[in-house]
Amino acid sequence: MSIMLSKIAKFQSFDETLDAFERMERVFEGRSFGIEEFNVLLRAFCTQREMKEARSVFVKFHDRFKPNTKTMNVLLLGFKESGDISAMELFYHEMTRRGFKPTSFTYSVRIDAYCKKGCFSDALRIFEEMQKAGFPPTLEVFTTLIHGAGIVRNVLKARELFDEMRERNLQPDVGAYNALISTFIKCRELKPAITLMEEMEENHLAIDNVTYHTLFVGSMNSSGIEGVYELYQKMIDRKFVPKARTSVMLMKFFCVNGRVDLGIELWGYLMENGHCPHGHALDILVTGLCSRGKLEEALNCCMQFVEKGMRLSDSVYRMLRKFLEQSADKADEWKELNRMIKKLEGFLPPSKGHAIGNLSIE
C-alpha cells in the first residue's frame, strides 16, 4: 500500500491519490482503515515533499482518523525533508498544544533540520530540551550534531561532542568517525583527520568509501600530489576498492597533475579487482594519454572497457580517431576496437552520446 500510494502521489494528482486511497479501502474487504493506513497516506505525500497536500489531507481526515504520535512524526519529518524549518516548528508547536508528547525521534528530526540549515546553536538548544524531557541522546543524534558542527566550522564543539559520546558509554561507529573526520577536513586540519582514520583501524572499524573520499579531498586541498599518493598507497595496501565517485575524482586529480602513470595504475587496480571504472574515468584517462602520445595505452583501456560490456562515449571515440589518423601503425588495433563496438551494438542498441563502430579510418 505504501509503495503504490507513493508512486501515485509522485506521478498523479492530489485528487487521484485520494481516490486511490478510497478505492484501496473498498478493495480490502473486511479491513477497516484506521490511523496506520492514514499514516501511510500522509507518508506518501511527505516522501514527495508535497507538504501542502499532506497538510490538506491531515485537515480533511483529522476527525475521521484520530492522529497519534507517529502521525506527528511523519509530518514533522516531511517538513524537515522539504527544508522548511519555520513550517516544521509551527507544526511542532501546534501539535504540542493539542496534547501530543514528543518522542526521541521527534527531537532527532528537529536537531537534524537545524543542523542541515547551519543553525547549530538552535540544534544545541533542542539537544538540551531533549535531555530535560528525559530522552538520553543516541549515537545518531551525536553524529548529527557533529555534522552540524562541521557545517559551521566549529571543530572544538565537534571534538567535544565526540568525546561526550564515550563518557555516556556510547561507542562511536564508522558514521561518527566520518562525521568528525569531515569536520576536520572542512577546517583544513588534515593531520587530526588522518589520526582518526588510524584510530578507526585500532578499534577494528572498517574504513569505508566515505572515509577515503573525505580524506582524499582534504589531501588534495592541503598536501597536494604527495599527500594524495601516500593515502592512495595505503588504500591499495589495504586492498580497498573505491567507489565510482572516488575513482573518478582520483583519476582527474592524477591526470591534471601530470601523473597519467598513476591513472593507468588505478585503472589496472580497479580492473584486477573486478570493478569496471566509470565512463567519466575512462574519458579523463584517455584524454590524458592521447595528449601525451600514449595511443597504445589509450586503445588498451578502451578495449578493456568495451570488453566489459560498456559503451564508449562519442567524444572519446572521435578523439581516438583523430589521433590515430596520424598513426598508421595502429590500424589493426583500431579495427579490433571497432569490431568490438559493433559486436556490442548487437546486444545494446545505439544511444545518444555513445560511439557507433566503423571498421575503417576515413
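Residues numbered from 1 in each chain as written. Predicted model: local features only at pLDDT ≥ 70, side-chain atom pairs only at ≥ 80, totals over all residues. Heavy atoms only, no water.

With respect to the helices and strands, Ser2 occurs in helix α1 (residues 2-11). Look at Ser2 and you get partly exposed, because its relative accessible area is 31%. Taking the C-alpha atoms as reference points, Ser2 and Glu37, separated by 35 residues in sequence, lie 8.7 Å from one another. Not counting chain neighbours up to four residues away, the residues in contact with Ser2 comprise Val40 and Arg43. (Helix = DSSP H or I, 4+ residues; strand = E, 2+ residues; numbered from the N terminus. Buried < 20%, exposed > 50% of the residue type's maximum accessible area, 1.4 Å probe, protein only. Contact = heavy atoms within 4.5 Å.)

Taking 1.5 Å per residue as the helical rise, helix α11 (residues 174-186) with its 13 residues ought to reach 18 Å, and the 18 Å between its terminal C-alpha atoms agrees with that figure. Among the 13 residues of α11, 11 are classified as buried, and the element is accordingly described as predominantly covered. Turning to α11, its buried residues are Val174, Ala176, Tyr177, Asn178, Ala179, Leu180, Ile181, Ser182, Thr183, Phe184 and Ile185. Here the buried face of α11 lies against α9 (139-151), α10 (155-167), α12 (190-202) and α13 (209-222). Capping of α11 at its N-terminal end is provided by Asp173; its side-chain oxygen lies 3.3 Å from the backbone amide nitrogen of Gly175. A positive backbone phi angle near 60 degrees is found at Arg188, which sits one or two residues after α11. (Expected span 1.5 Å × (residues − 1). Polar contact = N/O pair within 3.5 Å; in protein donor to acceptor, adjacent residues only side chain to side chain.)

Those places that UniProt annotates as "repeat: PPR" (unreviewed entry) correspond, in this numbering, to residues 68-102, 103-137, 138-172 and 173-207. Secondary structure within residues 68-102 divides into 77% helix and 0% strand; the distance between the first and last C-alpha atoms comes to 11 Å. For residues 173-207, the end-to-end C-alpha separation is 10 Å, with 74% helix and 0% strand making up the annotated structure. (UniProt positions renumbered as here; feature names shortened; annotations may be inferred.)

UniProt feature "domain: PROP1-like PPR" (unreviewed entry): in the numbering of this structure it lies at residues 116-255. The span residues 116-255 is 76% helical and 0% strand by assignment, and the distance between its end C-alpha atoms comes to 34 Å.

Time to look at the pattern of salt bridges. In total, this model carries 21 salt bridges according to the counting rule given. Put simply, Arg49 and Glu81 hold a salt bridge, and the shortest N to O gap is 3.8 Å. Of this pair, Arg49 sits in the loop between α3 (35-47) and α4 (51-61) while Glu81 sits in helix α5 (residues 69-82); the two residues are 32 residues apart in sequence, bridging distant segments of the chain. Take Glu81: its relative accessible area is 31%, and that puts it in the partly exposed class. Notably, a salt bridge pairs Asp112 with Lys80, separated by 2.8 Å at the nearest N-O pair. Taken as a pair, Asp112 in helix α7 (residues 104-116) and Lys80 in helix α5 lie far apart in primary sequence, 32 residues in all. (Salt bridge = Lys/Arg side-chain N within 4 Å of Asp/Glu carboxyl O.)

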